[in-house]
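Take a look at the letters that make up each chain.
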Amino acid sequence: MSEKILIAGATGFVGSRLVQALCRRGYNPTCLVRSRAGIKGLPPDIAYSVVEADLLDRQSLQHALEGIGFAYYLVHSMRSHGVFRSSDFADRDRRAAENFVRAAEKHGVERIVYLGGLGELGDRLSKHLAGRQEVAGILSSRKPKLTELRAANIMGAGGAPFEMLRYLVERLPVMIAPRWIDTRCQPIDIRDAIQYLIGCFTEESTAGARFDIGGAQIVTYREMIRIYAGVRGLKRIVLSVPVLTPRLASLWVALISPVPAGMVSALIEGLKNEVVCSENRIRKIIGIPLTPMDISIRIALKETDRGPGKFRAGNRPVS
Ligand SMILES: NC(=O)c1ccc[n+]([C@@H]2O[C@H](COP(=O)([O-])OP(=O)(O)OC[C@H]3O[C@@H](n4cnc5c(N)ncnc54)[C@H](OP(=O)(O)O)[C@@H]3O)[C@@H](O)[C@H]2O)c1
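A. Quick peek at the overall build of the protein. The helix and strand inventory of the protein stands at 11 helices and 13 strands. Taking 20 Å as the expected radius of gyration for a compact globule of 319 residues, we find that the protein reaches 19 Å, a close match to that expectation. Across the protein, the fraction of contacts at a sequence separation of at least 24, relative to all contacts at a separation of at least 6, is 79%. Carbon and sulfur atoms form 52% of the exposed surface of the protein, whose accessible area is close to 14300 Å². When the 45 positive and 31 negative side-chain charges of the protein are each reduced to one mean point, those points stand 4 Å apart.

B. Local environment of empty space enclosed by the protein. Summed over all chains, the structure comprises 1 cavity of 30 Å³ or more. Estimates place the volume of the largest cavity at around 60 Å³. Looking at the lining of the largest cavity, the elements that each hand over two or more residues are strand 10 (188–189) and helix 11 (293–306). Split into classes, the residues belonging to the lining of the largest cavity amount to 6 nonpolar, 4 polar and 1 charged.

C. Spatial organisation of the environment of M224. Along the chain, M224 turns up in helix 7 (residues 221–232). Note on M224: relative accessible area 4%, which makes it buried. Those residues in contact with M224, other than ones at most four positions away along the chain, are N153, M155, L165, C185, P187, V219 and M293.

D. Local environment of the packing of helix 1 (residues 13–24) against helix 6 (residues 190–202). One can describe the packing of helix 1 onto helix 6 by two numbers: an axis separation of 10 Å at closest approach and a directional angle of 65°. Between helix 1 and helix 6 the crossing geometry is right-handed. For the pair helix 1 and helix 6, contact is made by F13, V14, R17, L18, A21 and L22 and by I190, R191, I194, L197 and I198, respectively. Split by residue class, the contact of helix 1 with helix 6 holds 9 nonpolar, no polar and 2 charged.

E. The arrangement of the pattern of salt bridges in detail. For the coordinates displayed, the defined rule picks out 17 salt bridges. A salt bridge links E303 to R17; the nearest nitrogen and oxygen atoms lie 2.9 Å apart. Linking E303 in helix 11 with R17 in helix 1, this pair joins segments that are 286 residues apart in sequence. With a relative accessible area of 14%, R17 lands in the buried category. Through salt bridges with shared partners, a single ionic network connects R17, D189, R191 and E303.

F. Here's a closer look at the nonpolar core. One finds L165, M224, I268 and I297 to be the most contacted residues of the largest nonpolar core, which totals 46 residues. Elements that contribute at least two residues to this core include exactly helix 5 (160–171), strand 8 (174–177), helix 7, helix 8 (246–256), helix 9 (261–269) and helix 11. When residues of this core are assigned to their parent elements, the largest contribution, 7 residues, is made by helix 7. Residues I39, C200, A209 and I213 belong to the second largest nonpolar core, which totals 40 residues.

G. Region of interest: the sheet that holds strand 6 (residues 145–151). The strand order across the open sheet built from 7 strands is 3-2-1-4-5-6-11, with neighbouring strands paired in parallel fashion. The open sheet has two free edges, formed respectively by strand 3 (49–52) and strand 11 (210–213), since each of these has just one partner strand. Taken over all neighbouring pairs, the strand axes of this sheet differ in orientation by 20° on average, direction set aside. Here 4 bridges tie strand 4 (residues 70–73) to strand 5 (residues 111–117), and the two strands are oriented parallel to one another. By the bridge assignment, F70 is partnered in strand 5 with R111.

H. Examining the pairing of strand 8 more closely. Residues M175 and A177 point to one face of strand 8 and are all buried, whereas V174 and I176, pointing to the other face, are not buried. Where strand 8 and strand 13 (residues 237–240) come together, 4 bridges link them in parallel fashion. Its bridge partner being in strand 13, V174 is matched across the sheet by I237.

I. View of the environment of R210. Positionally, R210 belongs in strand 11. Along the backbone, R210 and V113 are 97 residues apart, and their C-alpha atoms lie at a distance of 9.8 Å. Excluding residues within four positions of it along the chain, R210 makes contact with E148, R150, E279 and R281.

J. Structural context of the side chain of E303. The buried category is assigned to E303, whose relative accessible area is 9%. Of the polar contacts made by the side chain of E303, one reaches the side chain of R191; its length is 3.1 Å.

K. Expanded view of a nonpolar patch on the surface. A surface patch of nonpolar side chains, amounting to about 340 Å² of accessible area, comprises V174, I176, I237 and L239. Only strand 8 and strand 13 provide two or more residues apiece to the nonpolar patch. The exposure class assigned to I237 is partly exposed, which follows from its relative accessible area of 42%.

Parameters at a glance
Residues numbered from 1 in each chain as written. Predicted model: local features only at pLDDT ≥ 70, side-chain atom pairs only at ≥ 80, totals over all residues. Heavy atoms only, no water. Helix = DSSP H or I, 4+ residues; strand = E, 2+ residues; numbered from the N terminus. Rg over C-alpha atoms; globule rule 2.2 N^0.38 Å. Contact = heavy atoms within 4.5 Å. Areas by Shrake-Rupley, 256 points an atom, 1.4 Å probe, with all protein chains shown as cover. Lys, Arg positive; Asp, Glu negative; His and termini not counted. Charge placed at Lys NZ, Arg CZ, Asp CG, Glu CD. 1 Å grid on protein atoms, 1.4 Å probe; cavity = no way out; pocket = protein on both sides within 12 Å on 5 of 7 lines; lining within 4 Å. Points joined across faces, edges and corners; volume = space filled by probe spheres on them. Nonpolar A, V, L, I, M, F, W, Y, C, P; charged D, E, K, R; others polar. Buried < 20%, exposed > 50% of the residue type's maximum accessible area, 1.4 Å probe, protein only. Axes fitted to C-alpha atoms, helices over the stretch in contact; angles between N-to-C directions. Left-handed = near helix turned anticlockwise from the far one by under 90°. Salt bridge = Lys/Arg side-chain N within 4 Å of Asp/Glu carboxyl O. Core = buried A, V, L, I, M, F, W, Y, C linked by side-chain atoms within 4.5 Å. Pairing = 2+ DSSP bridges. Polar contact = N/O pair within 3.5 Å; in protein donor to acceptor, adjacent residues only side chain to side chain. Patch = residues over 30% accessible without salt bridge, like charges linked within 9 Å, V, L, I, M, F, W, Y side chains within 5 Å.

See below:
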């Protein structure tokens, strides 16, 4: 395919891995980044182009999408969320998506693939999960055809869900957790998610459609802890209490993990919502073997030792 591919969010956990995977397949993607400094984690031996733009700054987007036919949207603003105020990451996400899709339409981008979140609307959805769905609505509101992939937690070294799990289980022999510990979810391995993202580029039939993507197992968060502890040979006790506010839970998770407190609080609020695939149509179009969770954890732990499994440090200032 000769089409020019752009990745918005190329410095992120998912985006940086997608850049590498596309490069390994012979594509030369364009990374849309706020600052070139952010891409220093990418290996030096791969070929990609870089365009600097901030999605909250329309002016900077004026030429960023020139000549692009296909774009990935892997952006969210939760890193700049604060735990002590109900900060407006949802508003920033909305504005970023609007600016992006306008620019995409103006430059004749044909397709956008967006990685959003699972969770059923109306299910008293958390701000974060509802925001992910709102972004999908915005991205599909103009000419480019949107493919929306909806995922629960994506498991891989350096990703917020895995890092929160890792620090919790490694550091706490006894955990006191709220009721959400028994909510069901369907985590997916980062490599499987990347294969689906690339599959959407090669499979034209995914244009204009929405798909749920999930891993091999549906588990509760309690079971996830047990599987991680099993892989590491650790004995862990999890006690659940009826009341523990998301804010309080976020504070102590943020204390023991490298994930910024605001991001932890947005994610923890979402743990009350079940995030399980409601359909599996994607598997007929992009048939990949799904990675079992214990294997996923083993690979992530190896990557943590070798790098690239470092959580990106630093909160961005609120813009
Ligand atoms: N990780 C998961 O478990 C998971 C699960 C389900 C869905 N998803 C979805 O996957 C996507 C990527 O998530 P992730 O985990 O890779 O997030 P991440 O590591 O936090 O990366 C977020 C990316 O967004 C970029 N960004 C934020 N604001 C921007 C702006 N104003 N202009 C340009 N770029 C901006 C960041 O750039 P900077 O480097 O400049 O900050 C970064 O590259 C999101 O849509 C998320 O909802 C993730």
